[in-house]
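An overview of the molecular structure
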Amino acid sequence: MYRASFFTELLHCTQQKDLRTGKALHAQILKATSSSSSTCIYLTNSLVNLYAKCGNLVKARIVFDNITHKDVVSWNCLINAYSQNGPTTSFLVMEIFQRMRAENTFPNAHTFAGVFTAASNVLDVFGGRQAHAVAVKTASFYDVFVGSSLLNMYCKVGLVLEARKVFDIMPERNSVSWSTMISGYAMQRMAVDALEIFELMRYEEEDENEFALTSVLSALVSPEFVNHAIRQ
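**Observations concerning the pattern of salt bridges**
Tallied over the entire structure, the rule returns nine salt bridges. For R164, the salt bridge goes to D168, with nearest N and O atoms at 2.9 Å. Taken together, the residues R164 and D168, both in helix α11 (residues 160-169) and four residues apart, mark about one turn of the helix. Residue R164 is classed as buried on the basis of its relative accessible area of 15%. Given a relative accessible area of 43%, D168 falls into the partly exposed group. A salt bridge links E199 to R202; its shortest N-O distance comes to 3.6 Å. Taken together, the residues E199 and R202, both in helix α13 (residues 191-204) and three residues apart, mark about one turn of the helix. Its relative accessible area of 45% is what places R202 among the partly exposed residues.

**Side note on helix α9 (residues 125-135)**
For α9, the set of buried residues is G127, G128, A131, H132, V134 and A135. Looking down the long axis of α9, one finds its buried residues gathered within 160° of arc, a one-sided arrangement. Buried residues along α9 sit in contact with α7 (93-102), α8 (109-122), α10 (144-156) and α11. Where α9 starts, the residue carrying a side-chain oxygen 3.5 Å from the main-chain nitrogen of F126 turns out to be D124.

**Regarding the layout of surface pockets**
Counted as a void, the second largest pocket has a volume near 280 Å³. If you go around the second largest pocket, you meet 13 residues; those closest to its centre are N49, K53, N80, A81 and Q84. Of all the elements in the fold, those that place two or more residues in the lining of the second largest pocket are α3 (41-53) and α5 (72-84). By residue number, the principal contributor to the lining of the second largest pocket is α5, which donates six residues. When its residues are assigned to classes, the lining of the second largest pocket shows five nonpolar, seven polar and one charged.

Conventions adopted
Residues numbered from 1 in each chain as written. Predicted model: local features only at pLDDT ≥ 70, side-chain atom pairs only at ≥ 80, totals over all residues. Heavy atoms only, no water. Salt bridge = Lys/Arg side-chain N within 4 Å of Asp/Glu carboxyl O. Helix = DSSP H or I, 4+ residues; strand = E, 2+ residues; numbered from the N terminus. Buried < 20%, exposed > 50% of the residue type's maximum accessible area, 1.4 Å probe, protein only. Arc of directions from axis to C-beta. Contact = heavy atoms within 4.5 Å. Polar contact = N/O pair within 3.5 Å; in protein donor to acceptor, adjacent residues only side chain to side chain. 1 Å grid on protein atoms, 1.4 Å probe; cavity = no way out; pocket = protein on both sides within 12 Å on 5 of 7 lines; lining within 4 Å. Points joined across faces, edges and corners; volume = space filled by probe spheres on them. Nonpolar A, V, L, I, M, F, W, Y, C, P; charged D, E, K, R; others polar.

Shown next, in the form of structure tokens:
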């Protein structure tokens, strides 16, 4: 019964980013579970998430490292914490991902989205491609958020042809997918390709999004598009 109560209170602290109350709860949890061999996994995962969301990544890592039997949520909490913190900690994500696989925990869509985001942050093409090779063997590869994160990684490092291959086989696309692909072409001054995707988006989607339109406008000022227009 106390576990459910702790879980609810930890969730509230995480949502409010109330680290002070969260630390007090952590102490109570340790006291309440001192007679047992280990704290239940959903409480320890909640503690990792609490510290991560409150910006205390050092403490999040300590709690994580002390989890005896980690599940996929444990790994995802730390992977996403590091990837969402920007380049400063994103370089640690690939190490965590490799450990996760070595310990035979099966990654899911949240795992891959976090790994691809981290690879984008630090322009880690090698690590990103390794994760891509793992993802294609799972059903998670066809998740729209995983696909969009992978698109973003390839576009950020300038590999728009690789990004387009991913884009073309996505069974579902959202506004982020379209915008990322258009933006990727725009950044490489590939205006004709950006316009092609924009027109395809207008054909397939009911709504146009502001970011996609801005990316197309950016591509339109490229020398390539001007030369293309003159030739027409």
